[in-house]
Structures are given as C-alpha cells and as structure tokens.
Amino acid sequence: MEVTTNLPLKDWYRQTADNDLQWWGLDYPPVTAFHSWICGKLSSLYEPESMELFTSRGYETPSHRQFMRMTVIASEVLVYFTGLLYYLTSVHKKRENVAFLFFFMLSQPALLIIDHGHFQYNSVALGFVLWALGFLSNGHDLLGSIAYTLALNYKQMSLYFAPAFFFYLLGKSYKGTSITQGTFKVIKIGLVVIATMAACWAPFFIENGTQGLLDVVTRIFPAHRGLYEDKVANFWCSVAPIIKFKELFPVSTLIVACAATTLIMMSPSCIYLLMNPTFDNLLITVTISSMSFFLFSFHVHEKSILFPILGVMLLIPRFPRFSIWMIMVSVFSMFPLIVLDQSVTAYYSLLAFYYILTKYTLNLRRSIYMQICYAIMALIHVCFKTIQPPAHLPFLLVILFTTFAFCNFVGGFLFLMYTQTMGSSPKKVKAN
C-alpha cells in the first residue's frame, strides 16, 4: 500500500531507490496492486502516518490494525460473500439449504485465520472464482470467463484452477454442436479473456512499454525464491529430509520437473472433464487441478492450500465427510505458519468451533479413519508443545505437521480421482 500510494505506477514492481522489493515488495498481479492503491489512499486519509514513504515501514498502531482488519472484512463482503451467495443460489434451489450452506461455508476456519490474521485478501480472488462458477452453472460462459480472469489477475495462485476452466469450456463448446459452431464459441471466450487481461495489464504497458509488463511477470513468478516457501505440506518439502532436490538440481531443472509432474497428475481428471463437461465434473476437476498444483508445482507457500480447499468446500453437499476431513487437515497443515503469526489462540478456537459445528449440524457419523486422523493430529500438537527437538534436527516437529498433512492430501486427491472416473454416487448433506 505504501508503494502504490507514493510511487508512480511504473515503479510499483521494480527495484528503485524508493522501492526496496525485499521489504514486502509487490508480488501479486495488477488487480491486487490497484486494490492496494485504493486501500492505501483510504489509509492515508484515515491515518496519514501509516502510508508515509519509508517511515511507515513497520508502522503498527491499534487504530491502523483495526483499519487493516476492516479492509479485509469490506473486501470479503463485497466479493467473497456475494460470490458465495450467488453460487449457492445458482446451484441449490432450496432456500433453507442455501442459508445453511452459506453460514457453514463462511465458517470455514482456514480462510478466517489467514485472511483476518495475515491480511492477505485471498477471499477476493476466491470470491471472483465463486462468481465465475456461479456464472458457468447458469450458462453464462462469457461472464464466467471474465470473473475467472479477474481472479487470475488478483492472485496468481488462481492459476491452480485454470486447467479445469479451460477443459470444461472447451468440452462444453464442442459438445452437441458442429465444429464450426464450437470453434466460434471458443474464439468468443478467448477474445473475452484477452480483453480482460489487456484491461488489467494495459496501464503498465502504457507507462513503461514491454519492460513494464516484464517487471510484473518477474515479480509474480519468482523463480529465484526456490522450490517451496518455509515448510509446506507438499511433495517436494515432505521428501526433502530424504532427497534434497534443492541441492541436487538447478532451479531450471526443478521448474521443468514440477511443471511436468503437476500436468501428469491432473491430466486424467482434465481429460475426463473434456469428454464429460458437466458442472459436477467441473467442481471435482477444480479441486483435483488445484490440489495437483499445491502438491507438485514450483514455489508453493503454506497458505496456498486455501485455493484447493475452495473446491473441497464446494463439494460439502456431495461428499460432506471427505470435505470436513480435508478442511480440518488443511488448517492443521498451516500450524507452523500460524505459530509465526502468533495466531495460535485463534487457531485452536476456530478449529474447535468448526469441529463442534460439523458434529452437531451434519447428519454424519465420523469414520474410524477420521477419528484416528484427529487423534494423531492431537498427538502431534502435544509433541510440539512438550518435546524439544534435537539440535541437529530443529525442524523435526514442524515436518511432522506438514508430512502428515501431505499424506492426507494425497489420500484425498486419490479419492476424488477414483470417485470421478468410477462414478461413485455421493451422499447428500442434510442439516439438523
């Protein structure tokens, strides 16, 4: 916010004397930058000291913290709440089901902890995705394409959903029609996506030409920042104690390996969606595609799990037991990050609240596996609190969190892949 408020647009994404990119430099796409500019202008009116160049770095007061929290809430209400409500009213026709699911999904603890404790505004990108899915469910493919492109231009992690949207729209365009008509539909969608992208990126090109675009690209895809961020519950981090890929291979090789692995893992679901472009299949592929990116792509952050969990959350009406299990594990996987953010009290409170909420509002009996899973999660927490790791293995207990979560994510991934391709009939959720 400090950068966008005080510097010309051409300097937002590049290193200058006034913009130290190592100090929380902009590393998200243009729509995030414009949102930051709006919030920064409001903050400079509310508390000018909070946006002063240089001197505002590290600035923290109770009033400014409250302002930041209000920007998160306002953004969430404007985009995420409305997107979720539109999606639910589009997909579920019974009003009582919509009201129950709206409250239940808003109570999802992973997004609450990160966005309201970390001030990350992930809800904006996820809200655009919900709008996109709502539009697609109503047959408004062009509006859905615009909404998804806005999500992609808000957080680059929205790329996790791109294969699902692409293969769904491609398969739907050609299903039950001639090649000419199908090609015309694809061209229309492509032009809408290009126009939306151009509107988001044009200011940077106008200000600084091709270099302006390259400045943005190099910031939002930081190859130099490594295979993964901190300790994350994905494949590369989980196997690192045994196979140190970071030390064995150059970054260029790792990028290719990550891309190839990600594409291979999601390809069965994408091909199935292309051949069977139904909305139900889209929701499953949205989850499989985003989980593939989280588990196997290059430079993944702990909080990126919020994107696959959106798909999991939308599957609650079809696979409630599976969805609740995955949501609980996703929150558990971020515990090391939550400790660094000093949000442990909120973590335990929200986790307990969601456990009780699911127990008493859903007509479900928890499986033996889920009970064992929760018991192991509790045991790992006890170990983290009571055991001092050996000096030569300082991250041993942290790795317990991420590795256990990774194993569960793989299990969930395989369950969805099997369910989609084998056509298993889901159990419908009912509220008490």
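Now for a description of the structure that goes with this document. (Residues numbered from 1 in each chain as written. Predicted model: local features only at pLDDT ≥ 70, side-chain atom pairs only at ≥ 80, totals over all residues. Heavy atoms only, no water.)

**Focus on the overall build of the protein**
Then, number 1: In terms of helices and strands, the protein carries 19 helices and zero strands.
Then, number 2: Against the compact-globule benchmark of 22 Å for 432 residues, the protein has a radius of gyration of 22 Å, which places it among compact chains.
Then, number 3: The dimensions of the protein, computed from C-alpha atoms along their principal axes, are 65 × 60 × 50 Å.
Then, number 4: For the protein, with 432 residues in total, the buried portion stands at 52%.
Then, number 5: Long-range contacts, defined here as pairs at least 24 residues apart, represent 73% of the contacts in the protein between residues at least 6 apart.
Then, number 6: Taken as a whole, the protein presents about 19,900 Å² of accessible surface, with 68% of it coming from carbon and sulfur. (Helix = DSSP H or I, 4+ residues; strand = E, 2+ residues; numbered from the N terminus. Rg over C-alpha atoms; globule rule 2.2 N^0.38 Å. Buried < 20%, exposed > 50% of the residue type's maximum accessible area, 1.4 Å probe, protein only. Contact = heavy atoms within 4.5 Å. Areas by Shrake-Rupley, 256 points an atom, 1.4 Å probe, with all protein chains shown as cover.)

**Points about the packing of aromatic side chains**
Then, number 1: In total, this model carries 37 aromatic pairs according to the counting rule given.
Then, number 2: When the ring of Y160 is compared with that of F307, the centres are 6.2 Å apart and the planes differ by 65°; the resulting orientation is edge-to-face. One end of the pair, Y160, is in the loop between α7 (141–152) and α8 (162–174); the other, F307, is in helix α14 (residues 306–314), and 147 residues separate them in sequence.
Then, number 3: In this structure F307 comes out as buried when scored by relative accessible area, which is 0%.
Then, number 4: Here the aromatic rings of F235 and F245 are separated by 6.4 Å at their centres, their planes lie at 45°, and the arrangement is tilted. Of this pair, F235 sits in helix α10 (residues 235–238) while F245 sits in helix α11 (residues 245–248), placing them ten residues apart in sequence.
Then, number 5: Pairwise contacts between aromatic rings join F332, F335, Y347, Y348, F384, F401 and F404 into one cluster.
Then, number 6: The aromatic ring of F395 is capped on one face by K231, whose charged end is 4.1 Å from the ring centroid. (Phe/Tyr/Trp six-rings, centres within 6.5 Å; stacked < 30°, edge-to-face > 60°. Lys NZ or Arg CZ within 6 Å of the ring centre and 35° of its normal.)

**Description of the side chain of S50**
Then, number 1: Counting through the fold element by element, S50 comes out in the loop between α2 (30–46) and α3 (62–91).
Then, number 2: For S50, a relative accessible area of 4% gives the class buried.
Then, number 3: Separated by 2.6 Å, the side chain of S50 and the backbone oxygen of E47 make a polar contact.
Then, number 4: Excluding residues within four positions of it along the chain, S50 makes contact with S43, S56, Y59 and H64. (Polar contact = N/O pair within 3.5 Å; in protein donor to acceptor, adjacent residues only side chain to side chain.)

**Focus: the nonpolar core**
Then, number 1: Membership of the largest hydrophobic core comes to 125 residues, with the highest contact counts inside it found for W12, L133, L282, F294, I316 and F409.
Then, number 2: For this core, the element with the highest residue contribution is helix α13 (residues 279–296), accounting for eleven residues.
Then, number 3: Contact partners of F294, with chain neighbours within four places excluded, come to Y160, V232, A233, N234, V300, H301, E302, S304, I305, P308 and F409. (Core = buried A, V, L, I, M, F, W, Y, C linked by side-chain atoms within 4.5 Å.)

**Side note on helix α6 (residues 122–137)**
Then, number 1: Taking 1.5 Å of rise per residue, the 16 residues of α6 would be expected to cover 22 Å, and the 23 Å separating its terminal C-alpha atoms lies within 8% of that figure.
Then, number 2: With respect to burial, α6 is a largely interior element, 14 of its 16 residues being buried.
Then, number 3: Downstream of α6 by a residue or two, G139 has a phi angle that is positive, lying close to 85°. (Expected span 1.5 Å × (residues − 1).)

**Some remarks on the side chain of N408**
Then, number 1: Inspection of the secondary structure puts N408 in helix α19 (residues 396–422).
Then, number 2: Separated by 3.0 Å, the side chains of N408 and W325 make a polar contact.
Then, number 3: A distance of 2.7 Å separates a polar atom in the side chain of N408 from a polar atom in the side chain of Y369.

**Side note on α13**
Then, number 1: Taking 1.5 Å as the rise per residue, α13 with 18 residues should run 26 Å; its terminal C-alpha atoms sit 26 Å apart, in good agreement.
Then, number 2: Taken across its 18 residues, α13 has 17 buried, putting it largely inside the fold.

**So, the packing of α13 against α14**
Then, number 1: One can describe the packing of α13 onto α14 by two numbers: an axis separation of 8 Å at closest approach and a directional angle of 155°. It follows that α13 is roughly antiparallel to α14 by the angle criterion. In the packing of α13 onto α14, the handedness of the crossing is left-handed. Where α13 approaches α14, its residues L283, V286, T287, S290, M291 and F294 are matched on the opposing element by F307, P308, G311, V312 and L314.
Then, number 2: Per-class residue counts for the contact of α13 with α14 are eight nonpolar, three polar and no charged. (Axes fitted to C-alpha atoms, helices over the stretch in contact; angles between N-to-C directions. Parallel < 35°, antiparallel > 145°, perpendicular 65-115°, else oblique. Left-handed = near helix turned anticlockwise from the far one by under 90°. Nonpolar A, V, L, I, M, F, W, Y, C, P; charged D, E, K, R; others polar.)

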